Amino acid sequence: MTVVFRMEAPYRGAYELHRLSFGSGSPSVAIVAGMHGYELTGLHAVNMLATALRVSRPKGTVHLLPLVNTFGADENQKRWPFDDQDINHAFPGDPAGTAVQRIAHALLEATHADVCVDVHSGAPHVRELPHVRVPMGGEEVELGRKMGLPVVWRRPGDRLDATGLVGAWRQAGHKAVVIEGGRGGTLDTQHSELIARGLGALLGHLHILPAMPGPGVLADVTHSEVETHRAPFGGFFVPEVKVGQRVQAGHLLGYLQAPIGGDRLGELRAERPGVVMTLRAYPMVHASELLVRVAGIPQ
Amino acid sequence: MPIVEPVISVEMPSGEDVQIVRRRFQGSAGPGPRVAVVAGIRGDTPEGIRVAHELCAFLGQHEAALSGTVDVYPCCNPLAAHRGARRWPFFDVDLNRLFPGRQDGHPPDRVAWALSQEIADADQVIELRGAHPAFREAPQAHVRHRDGKAAELAMGANVAVVWARHPGPAANSTFAYQHPGTIVLEGGCGNRLTHGVGRDLREGLLHMLSMLGVVAEADLPFHWAALQRPQVVTDEEVVRVRTSRGGLFLPEGTPWQEIEAGQPLGSVVDPVTGAACEEVVSPVSGRLLAVREQPVVFPGSMVGRVVTT
């Protein structure tokens, strides 16, 4: 384990950015998690991968940075707690700038690799089925598919974290994708395992590790093939499905009821066959809020 | 009497409504421009909200003598203001990074969209803010770089500095960039009221309304000759001073005091032992535009802004 960046911190021990490196030479892969401090499912997944890499002989280089925002993780915070700044909004960073700009700069410098992966979770009020977000075309689509995560979501470039770490990687000429899975502030070990297996499959595809299958793609979709259900009005949302569940057209996804009294106000039903990719976890909802995403599966 | 109307109502999950309110003062002295004055986009800017209320009090007394329309939006982020926080709660988003907003988005997105629609046909937009919570700042007006018309109007804002700013990476998502010619007024200390600053900004705001022809000069409760004559600066003339060590920053300066190159702005001490770690000096001569009030600093934290002279 290497400390690639260190910065003194008032009232506590210094901040350190840790990198675990395995193997040497090409191809190279960098995997980052925990840039948002409360996103712990990815942290656990990357540590599972590290455990596997310790007993293997990688043909190439793998850099793992399991937890960037250690201070945020200590306090169950998304952002850097000192000045409440999002590290993922500080790229490309500045070695002489503010704390988050320095971290962003050091992180970018420590992760130059042929293929880069940034692992995130959903916000604390939603749960995400592990999926990979890739551009609409190019080599990254194939890399994403080879992970075998349950959903491959092809998105326009400007929706792929254009101003964050992934955007900075792509600006630097690296192939970069985002994995999202689980829920902020909690640990979902099954989702961590899916993500770890997906990352292992990627390393197998790049011949860094022996070939291994990913969990299996259930849906390979563009934005228009993702069915998004928003709350038509505020209320108390009761889900009737779980993330990863396959549904048919007409399947009851959940319903809204009055928070006081429990009168049923409306129902959400799937419009087409698919797999539940995103599910609201915190039940008090405002009008227009995202409740369910269903990734379409062709019949 | 002003017309008080909700611009948008946000229904809370538990059933209550939260409203963003517009207070419209419609003059009858003659035709004139429509001016939108917007405050409280962040919940930790009570100075701007105070100025908006004082403006409303003046306009209420002189409504018949106005030429044109003044729409005042005194508090655009009421849930954040309710708790003195910067961001819209629950969604934990900065409303000033959501513009122009989305009509079908979550509540803060819809508020941003509604405000964008509100100001679309205004002749002049003025945003009232407070300082960042970590700083104490001299009263200042921000305009866009090379927006000569806005800078000319802002010269009457009774501030120390008119800062013609280049757009930063997030500029397009801020309120101030939704309408050309928007002037941002700020100063004082974040998340509190600062003696004198509210009065300065209120008088500057009224003076600008006079320059726009909305308020009759004879109705101003002060003489324009007593107002400050600001210095116009660009980004190149505003120097950010940063610490190189982490610790507690103990400031020595006050906003708008003169400072020489090499003169201390303050010192950084070890937060546990109190031992001095660093003396932070101004790299240039000028005046202090902002001084850090929140003392905890990391390496690279900004502790002051100096306007070069």
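None of the values given here were measured: they were computed from a predicted structure.

Peer 1: Help me out: how do you make sense of the packing of helix H4 (residues 139-147) of chain A against helix H6 (residues 189-205) of chain A in this one?
Peer 2: Describing two packed helices takes the angle between their axes plus the distance from one axis to the other. Residues and elements named next belong to chain A. Packing of H4 against H6 brings their axes to within 7 Å, and their N-to-C directions diverge by 125°. The angle between H4 and H6 falls in the class oblique. In this structure, H4 crosses over H6, and the sense of that crossing is right-handed. On H6, the residues touching Leu143, Lys146 and Met147 of H4 are Arg197, Gly198, Ala201, Leu202 and His205. Of the residues in the contact of H4 with H6, the class split is four nonpolar, two polar and two charged.

Peer 1: What should I look at first to understand the sheet that holds strand E11 (residues 235-239) of chain A in this one?
Peer 2: The strands making up a sheet associate through backbone hydrogen bonding, with each pair oriented either parallel or antiparallel. Residues and elements named next belong to chain A. Read from one edge of the open sheet, four strands run E14-E13-E11-E16, paired in antiparallel fashion. The sheet terminates laterally at strand E14 (264-269) and strand E16 (284-285), the two strands that pair on one side only. Pairing of E11 with E16 involves two bridges; the strand directions are antiparallel. Each bridged residue has a counterpart across the sheet, and for Gly235 the counterpart in E16 is Val285.

Peer 1: So what exactly am I meant to see when it comes to the packing of helix H1 (residues 46-61) of chain B against helix H5 (residues 197-211) of chain B here?
Peer 2: Residue and element names in this part refer to chain B. Following both chains from N to C, one finds H1 and H5 inclined at 50°, their axes separated by 9 Å at the closest point. The angle between H1 and H5 falls in the class oblique. Here H1 runs over H5; the crossing is right-handed. Across from Glu47, Arg50, Val51, Glu54, Leu55, Phe58 and Leu59 in H1, the residues of H5 making contact are Val197, Gly198, Leu201, Arg202, Leu205, Leu206 and Leu209. Partitioned by chemical class, the residues of the contact of H1 with H5 number nine nonpolar, one polar and four charged.

Peer 1: Is there a simple way to think about the interface of chain B and chain A in this case?
Peer 2: It is common to give the size of an interface as the accessible area lost on bringing the parts into contact. Counting residues at the interface gives 30 residues for chain B, matched by 29 residues for chain A. Interface of chain B and chain A: buried area, both sides summed, is about 2300 Å²; carbon and sulfur atoms make up 60% of it. Considering only the surface of chain B that becomes buried against chain A, B:Pro13, B:Phe90 and B:Phe298 emerge as the three largest contributors, covering 31% of it. Where chain B meets chain A, there are three salt bridges. Across the chain B-chain A interface, the total number found is eight residue pairs in polar contact (both at pLDDT 80 or more). Of all elements in the fold, only strand E1 (3-11), helix H3 (107-119), strand E11 (247-251) and strand E16 (296-297) of chain B reach the threshold of two or more residues within the side of chain B that touches chain A.

Criteria and thresholds
- Residues numbered from 1 in each chain as written.
- Chains lettered and ligands numbered in written order.
- Predicted model: local features only at pLDDT ≥ 70, side-chain atom pairs only at ≥ 80, totals over all residues.
- Heavy atoms only, no water.
- Axes fitted to C-alpha atoms, helices over the stretch in contact; angles between N-to-C directions.
- Helix = DSSP H or I, 4+ residues; strand = E, 2+ residues; numbered from the N terminus.
- Parallel < 35°, antiparallel > 145°, perpendicular 65-115°, else oblique.
- Left-handed = near helix turned anticlockwise from the far one by under 90°.
- Contact = heavy atoms within 4.5 Å.
- Nonpolar A, V, L, I, M, F, W, Y, C, P; charged D, E, K, R; others polar.
- Pairing = 2+ DSSP bridges.
- Buried area = accessible area lost by both parts, 1.4 Å probe.
- Salt bridge = Lys/Arg side-chain N within 4 Å of Asp/Glu carboxyl O.
- Polar contact = N/O pair within 3.5 Å; in protein donor to acceptor, adjacent residues only side chain to side chain.

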